[in-house]
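What follows is the residue order along each chain.
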Amino acid sequence: MNFEQYIRQQLQQLRSKPDADAWEQLARIQQRRNRWRKFKKYAFLTSPLVAATLLLWWWWHPASPSVPAAAPLAHEAYMPEAAPVLPVSESRNSATAAVQPPWLRHNSVPLSQQRFLAEDGITFYDEASNCTVSIPPNVLVNAGGQPVSGPVDFFFRTYRTVEDMLAADIPMHYSDERGDFFFNSGGMFDVAVSQNGAEVFMRPETTYEVRFSPVKELTNASLFYYNEKENGWDYVSDRAFSNQKEGNAVYDQLNDRPSALPPVSTEQTVAKENRASIASQCTPPVPVWVEEAQPEQVFTKGIQVGMELASGKRNIPQWFARHPGAEDAFFSSVADQGEVVITKANDLGIQFFPQDTRHNYTELEAFSQCYFIQTGDSITPYSEKETSASASVLDIFKHTHSWKSIVIQPDGGPDCLIRLGGEDGVIRIHARLVSKTPPEQVFNHYLKLRKERLAQLQQEIDDLRKFITVAPVFQEDKEWCMTPEEWIVYFNEHRALMRTRYEQAAQNSNNSAPAVARQQLEEWRKKAIQMRRDRAVQLAQTLAPSLQSAAVLRLMGFGLFNCDQIFRLEQKPVYANVTFHSASGQVLAPASVKMIDYRTRMLLTFSGKSTIPVMPNRRMTVLVVDSKGKVYQLPEQEYAAQSVNIREHIDFVVNDVTDRVRTPEGWADLLQM
Amino acid sequence: MVTTLMPEKAIQMDNALHQLIADCNRGSLKAQREIFFQYQETVFSVCLRYSRDRPEAQDMLQEAFLFIYKDLSRYRFEGSFEGWIKKVTVRAALQFLRRRNPLRLADDLTELPAQNASSWPDTDLMSEAILQLVQQLPAGYRTVFNMHCMEGWSYSEIAEALSISESSVRSQYSRACRQLRDSIEKHLL
């Protein structure tokens, strides 16, 4: 048999199965295609029926509010059938629940409503937000510009917290000729008036008054108005909130002369002012380690590590200090990094050995008496970027190219696969070890050293986690307001205080029997949970400062208004294409995508739904709302783990949290901000 | 005229295949799943030969099956179904490789000696080992080698499919064989 026949015979005998999850991955994609195929097939058959139904609906649908029918003036005739009749002799401003018109924004944020007579006007005080709305008499007109009289329905809602805004699902970004910006909101209010379900408006050249107290003191805050047709925000004025400071507390839109464009704040200012606004609401995180078998051991270890760190016997590594809440997978890629270079063994050119100039990969010492040669032209690039640099190892020698990670995988005998990872991706070099010592012995030694090093790294991570978990038990109130990253900085800056604190804690824990320690831990846990529940209740109550700092706004139209700073992120992020999958594998079609930065307490929303910023150094959670209103969350640990390897496309599996976030309180509980 | 009747079992299998394909064309995930599990080894073996490693072969497999489901409506029940699946898989593999890693096949007009058709001793080198050596070939060599040696395409067919000259195909194939021989010989040493 000749060579070709031999090879053909051997390869035809090959029978190999793909990985067990191959079908699952394929099914996800194919299911979508099947649906489209079925739709195409059945749409053809059913389209005449659908068209007929649409035609019938259009013919039957009542006239739109923009062309109102002439309604009789008798009071009884105004009342929709479902609503009770309101006799004129009863209180004019009765709080009878009016039917909410379909064009009114519907969400779980509490809505206030009141009925009044258009010829009398209304002064409405909202206790929850400390806001007052005053509509003068005889200023209301219908869509056709005709004066409105008789009973009308007033609707009012405020959005004061991040949780309110999430519940409302309103975009919080803005664009003008300078580009795109994020909003940082000091609160929003929504005013609507209707008569018999039809929208009612202010007469031109008249104003109504809103006394509104922003929930935060924001510098450079402007007033924005939500354009329902464009589904976006319009800038109204930069003078609506600045007038207070100048002593003239009234903003009059009729005579306003705003700046052409709203002022821009820095991210630093936004973060600082956000944190200042919630300083009184900080609560400690609820510890979860008490559910482990021996929490008292976690407690003891946490104190011991605290002592060592406070006394300088050990230090918190930067990779942990920046992301203390991250998962193991994140740490193993971020912490396990070096600066690996491929060095020529001699002038023969093809012999080389890897060196880590940062001395992280200590297991490479196993190859100190050896070198490698590559086997054939065997660079195997991983990413498309690497394709253009798919030179041989010899070319790498010409450039000062260093790699962040290295793994050497024995491949039988002296052969191995050297995997080098860097910012451009991963390359794999098929190589052969040249050594006086038997290659298997060298490889075994390498693997042993590597295993030991990784075990040490894991131990360090576990110790630091215990330290961070236990820390809130000994913190003061103001420290609870800090994020773990901020608190680590605080810890390092107050070593003397921490030393005293942990010495005392160590003494107490040494003197306690394990059972007593466990009881104390359980009491602490209950206390932390109660504090968080109290905060959730507080969210439902007024957060407004006194009326003295209220802005008085005289506005020409009803609708949704926002008090905002606009800003951009200081470090321009990389945007990646993303696909969101539910836990069952279904690909989601997002109607909106939001992200929350826990550190700066910013809510970021995006006009696009298939790209999000990838910011490895931030604690972010991602929230997705689909077209049916179902809400999904990607927890911050998973975002952080994914974003370490920035790729062009990322697949996220997100958790359905719809049932948990039916109210703003539910959002607060989910986010635990 | 002699009419050859198909054995009963073959008729039953044929009907079952007809039904399976019809269900697939209707978008039945269950039928598609059945086809996947029946032919996954066949398809994966082809993908392994065209890819540089297992992860790439996995990606290629997925693409191949998407091609298969898409083109099933064009299958005319001429020739074996497995043979048709292999053809579609090869086509998917080529498209995958073109997209991921443009085949670097430089035109080489150097006259090469005729392919050595001398006999090759039977060795106990396992198929998996040979597969690994094939995977270590540069992408261009590997593709041309697979298409000619394994799929039986002629040089002109390969040249047309890869949009390169026939002489390039010949030289790439020759180099692939030479490299493969050297690797196997070294392996056996």
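How each quantity is defined
- Just so you know, the residues in each chain are numbered from 1, in the order the chain's sequence is written.
- Naming scheme: in the order in which they are written, chains are lettered from A and ligands are numbered from 1.
- Local features are withheld for residues below a pLDDT of 70 in this predicted model, meaning they are given only at 70 or higher, and side-chain atom pairs are given and counted only at 80 or more; totals for whole chains, interfaces and linings count all residues.
- Side-chain numbers come from the whole structure's heavy atoms, not from hydrogens or water.
- Under the DSSP-based scheme used, a helix requires at least four consecutive residues in state H or I and a strand at least two consecutive residues in state E, with every element numbered from the N terminus.
- Every residue pair with non-hydrogen atoms within 4.5 Å of one another is taken to be in contact.
- Only the protein chains shown count as cover for residues, and the accessible areas themselves come from Shrake-Rupley with a 1.4 Å probe.
- Here the rule is simple: two strands pair whenever DSSP picks up at least two bridges between them.
- Here, axes are lines fitted to C-alpha atoms. For helices the fit covers the stretch in contact, and angles between N-to-C directions go from 0 to 180 degrees.
- Exposure is judged per residue with a 1.4 Å probe applied to protein chains only, and the accessible area is read against the type maximum: over 50% gives exposed, under 20% gives buried, and values in between give partly exposed.
- Residues adjacent in sequence count toward polar contacts only when both atoms are side-chain atoms; beyond that, a polar contact is any pair of N or O atoms within 3.5 Å, and within protein one must be able to donate a hydrogen and the other to accept it.
- Values of pLDDT, the confidence the predictor places in each residue, fall between 0 and 100.

Overview of the overall build of chain A
Argument step 1. When helices and strands are counted, chain A shows 17 helices and 30 strands.
Argument step 2. Partitioning the contacts of chain A with sequence separation of at least 6, the portion at a separation of at least 24 is 70%.
Argument step 3. When the accessible surface of chain A is totalled, it reaches about 34200 Å², and 51% of it is carbon and sulfur.

Concerning the sheet that holds strand β29 (residues 649-653) of chain A
All names here are of chain A.
Argument step 1. If you trace the three strands from one edge of the open sheet to the other, you get β26-β23-β29, paired in mixed fashion. Every other strand in the sheet has two partners, leaving β26 (611-614) and β29 as the edge strands with one partner each. Each strand axis lies, on average, 50° off the axis of its neighbour in the sheet, ignoring direction.
Argument step 2. Pairing of strand β23 (residues 574-581) with β26 involves four bridges; the strand directions are antiparallel. Considered in β26, the bridge of Tyr575 is made with Pro613.

A short note on the side chain of Arg105 of chain A
Residues and elements named next belong to chain A.
Argument step 1. If you trace the backbone, Arg105 turns up in the loop between α3 (75-78) and β1 (112-117).
Argument step 2. Of the residues examined, Arg105 reaches a relative accessible area of 17% and is grouped as buried.
Argument step 3. Polar side-chain contacts of Arg105 include one of 2.4 Å to the side chain of Glu228.
Argument step 4. Among all residues touching Arg105, those that are not within four sequence positions of it are Arg157, Tyr159, Ile170, Asp190, Tyr226, Glu228 and Leu560.

Some details on the pairing of strand β2 (residues 122-126) of chain A
Argument step 1. Burial of the side chains of β2 of chain A is restricted to one face: Ile122, Phe124 and Asp126 of chain A are buried, whereas none of Thr123 and Tyr125 of chain A on the reverse face is.
Argument step 2. Linking β2 of chain A to strand β3 (residues 131-135) of chain A, which pair antiparallel, is a turn of four residues; within it Asn130 of chain A sits at a positive phi near 60°.

A word on the confidence of the model for chain B
All names here are of chain B.
Argument step 1. With 77% of its residues at a pLDDT of at least 70, chain B reaches an overall mean of 79.
Argument step 2. When the elements of chain B are averaged for pLDDT, helix α1 (residues 8-25) gives the smallest value, 75, and helix α2 (residues 29-50) the largest, 92.
Argument step 3. Between residues 1-6, whose pLDDT stays under 50, and residues either more than four places distant or in other chains, the model counts two contacts.
Argument step 4. Below a pLDDT of 50 lies the segment residues 104-118, which in the model reaches 29 contacts outside its immediate sequence neighbourhood of four places, other chains included.

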